[in-house]
Amino acid sequence: MDSNCYQQIEIFISGRQLKDLDYFSKSDPFVIVYIKTNNQWIKIGNTETIPNNLNPNFKRSFQLDYVFETVQPIKFEVRDDDGSNSELIGQIETTIGTLFGAKNQTSILELGQRRGKLIIRCDKIQEGNEVMIMKWSGVKLMNTDGWFDKSDPFLRFYRQRDDSTYIQTYETEVIKDNLNPLWKTFEIQSVKLAHSNDKKIKIECWDWEKSGKHQFIGELITTIPELQQTREYQLTNPKHKNPGKLRLDQFSTYIKPNFQDYIRGGLQLNLMTAIDFTGSNGAPHQPGSLHFRSPHSLNQYQLAINAVGEILLAYDFDKMVPCFGFGANLNFPTMRSGQVSHCFPLSGDPNQLNAFELQGIANLYNYALANVTFSGPTYFGPIIQEALRQIYVQQQTEQNIYTILLILTDGIIHDMEQTKQLIVNSARLPLSIIIIGVGNENFAMMEELDGDQGLYSGNRKAERDLVQFVPFRNFGGNQVNLARHVLAEIPEQIVKYHQLIGKKPNPPQFVDINQLGMTMANQQMKQQESQQQYIPPPNILPQVQQPNIPPPIQQQMQPQPPYQQQIPAYSSQQSQLNQQYPPPQQQGYPYQQTINQSYQQGRASEQINPSNFMQQQYGQPPQNNRSSCNLQQSPYQQQPQNQMPNAQIPNFQYPPMSQSQAYGQIKNPME
């Protein structure tokens, strides 16, 4: 595509004279942004909420792709945040081209009669990996609050645009009642403050007011070279002679690695899939089921796997994908159970977990459908637990692998608090979780797990965002747009993980093509291997042909790794005391409580019965270095005394530690 016709832009949103919907205070506005694709509005994100403010300047900006020759509808929905609910203030539809083509790239949009205005400003994005670290303080700032109070100062940073106007790009926190404030250290990309060294940077100091009518204290104009040399700056205010000073207590820069740097350094992605087989999906042989397989088209589960897997497998080091299911009774020839399983291999064999490429995933999916009975309830915890175990094994062998767990589900989960705690505890592990919502259920819980504004477990906040949720229905079957939206956050999540643990990219790996051994004989042998046909397991249903995907080779499992001696083996002794999953003595778990009447009617096939839970054992994985640790055919048992106690892997306890236990005792085994 011509670079003159395609441009990444950043939009900044402000509101003016918004309608007040609250009786005893002012509205708490936030803005939701939608893009129309295939005649459907797709949410791309929302701003933060600014309390009690009818003239907000939102901090969060949005990056968009602007294509000159394409009409790209965009919608802004302004809502009043009332806590658990929100009320519409107003909305407006326009196009990205209209916004970018406005004079000075600034548009004033009417939300409706007496509902206020939105101000949208656009700027093109400049690429750059340099990051600034700054820490500012104020010295004898002007007091705008009178004799009996002191100013509540905060700073705003502005970038100079090509037309010499300024656009706000950052805002600090407010320091209450302090004329000598010390603001927190923060990081910002250099290009967000200035596209070049000759561009000016404006910094304003304001006194915060609850009404939103903040009082101006003073401002300064500087540049990046000046910031590198000068540490104290006099503020100016046309109405006051000496409004105070700002001091730059800390300033440094570094080059922030990007996703491509880690890939060039040898990082490999490990895709792992988990599919929902709970009863709320509907009987798979009925056309209304989400798992129904038509000979003429793919169902939503198949489409989602193809869309995401095709991209991720390009970075997968061996194209072998561990495939699991949850929420079903098992009728496999090698694995049977009258109890519901919350984590089982789609192959029905704990020693054969992996599928080769997309066709292998499709074959195992069809095989599982023919050998399970849909049940419930829906638990994410055991699946996440399994991903953590595989990560643990990989790190014992020092493999440079980042796992992406793809969960496909049709709605509500029943171990929400335990799932949140597992996610919060996984921030320093090489894991991202993609959740694709299939069907038309209420996905409010998934939105909470997404955690763009921060995910909490009790009073602990996740150190990074590692979950991305997308409802399949928003994309109308468009696999390209689905994959693009689902995978948009993965590169940044990978970079933030490595930053969090302080790991820089490895040096680029250069390969001498003369050492690859690709002689003519080798090439002919590979061509012969590529023509071998995949032989599905017995009892498999007829396979629906996947478009443009050649039949793959089912690769052999990897040899037994050296870590086996470090992890105890499974126990299959039936005489040991069964350990229920989840433990009945735990308090506050959702599966201990009666389901309300409306939920019973909607998901009657997922009635919660503690006696039907598959029991769980922790122990050694099978002989593959990407194998399951808890997939015995018999109900899971407690460990014998001579086995490694699970307490030695505290981060992998499931269900997690109760909220009453000290969070400081939870330690990552990777540290």
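- An unreviewed UniProt entry lists the protein under the name Copine, from Paramecium pentaurelia.

## Section: the pairing of strand β9 (residues 130-139)
And then number 1: Taking burial as the measure, the 10 residues of β9 include 8 buried ones, the bulk of the element.
And then number 2: When β9 meets strand β16 (residues 245-255), the two strands line up antiparallel, connected through 10 bridges. When the sheet's bridge partners are listed, I133 is paired in β16 with S252.
And then number 3: Here β9 runs beside strand β12 (residues 186-189); their pairing, made up of 4 bridges, is antiparallel. Each bridged residue has a counterpart across the sheet, and for M134 the counterpart in β12 is F186.

## A few points about the sheet that holds strand β3 (residues 40-46)
And then number 1: Here we have 4 strands laid out as an open sheet, ordered β3-β2-β5-β6, and antiparallel in their pairing. Of all the strands in the sheet, the pair left with one neighbour each is β3 and β6 (86-95). On average, adjacent strands in this sheet sit at an angle of 25° to one another, irrespective of strand direction.
And then number 2: Of the strand pairs in this sheet, strand β2 (residues 29-37) and strand β5 (residues 73-81) are connected by 7 bridges, and their pairing is antiparallel. Pairing of V33 across the sheet is with F76, part of β5.

## What about the packing of helix α7 (residues 381-396) against helix α8 (residues 416-425)?
In a pair of packed helices, the angle between the axes and the distance between the axes together describe the arrangement.
And then number 1: One way to put it is that α7 packs onto α8 with a least axis distance of 9 Å and a crossing angle of 20°. With respect to α8, the element α7 is oriented roughly parallel. With respect to the hand of their crossing, α7 and α8 are arranged in left-handed fashion. Contact with α7, carried on its side by G381, I384, Q385 and L388, involves T419, L422 and I423 of α8 and no other residues of that element.

## Topic: the sheet that holds strand β10 (residues 153-160)
And then number 1: Ordered in space as β11-β10-β13-β14, the 4 strands form an open sheet in which the pairing is antiparallel. Strands at the two margins of the open sheet, each flanked by one partner only, are β11 (166-171) and β14 (215-222). For this sheet, the mean angle separating the axes of adjacent strands, direction not counted, is 30°.
And then number 2: Sheet analysis places strand β13 (residues 201-207) next to β14, joined by 7 bridges and oriented antiparallel. Pairing of E204 across the sheet is with E219, part of β14.

Conventions we followed
- Within each chain, residues carry numbers counting from 1 in the order of the written sequence.
- Per-residue local features of the predicted model are confined to residues with pLDDT of at least 70, and side-chain atom pairs are confined, for both listing and counting, to 80 or more; whole-chain, interface and lining totals are unaffected and use all residues.
- With hydrogens and water excluded, all non-hydrogen atoms of the structure serve as input to the side-chain values.
- The buried label applies to any residue whose accessible area, calculated with a 1.4 Å probe on protein chains only, is under 20% of its type's maximum; exposed applies above 50%, and partly exposed to all values in between.
- Helical segments are the DSSP runs of H or I of at least four residues, strand segments are the runs of E of at least two, and each set is numbered from the N terminus.
- Being paired, for any two strands, means DSSP has found at least two bridges between them.
- The axes are straight lines fitted to the C-alpha atoms, using for helices just the contacting stretch, and the angles between their N-to-C directions are given from 0 to 180°.
- The labels follow the angle: roughly parallel below 35 degrees, roughly antiparallel above 145, roughly perpendicular from 65 to 115, and oblique for the rest.
- Should the near helix be turned counterclockwise from the far one by less than a right angle, the crossing is left-handed, whereas a clockwise turn marks it as right-handed.
- Contacts are residue-level and defined by heavy atoms, with any inter-residue pair within 4.5 Å sufficient.

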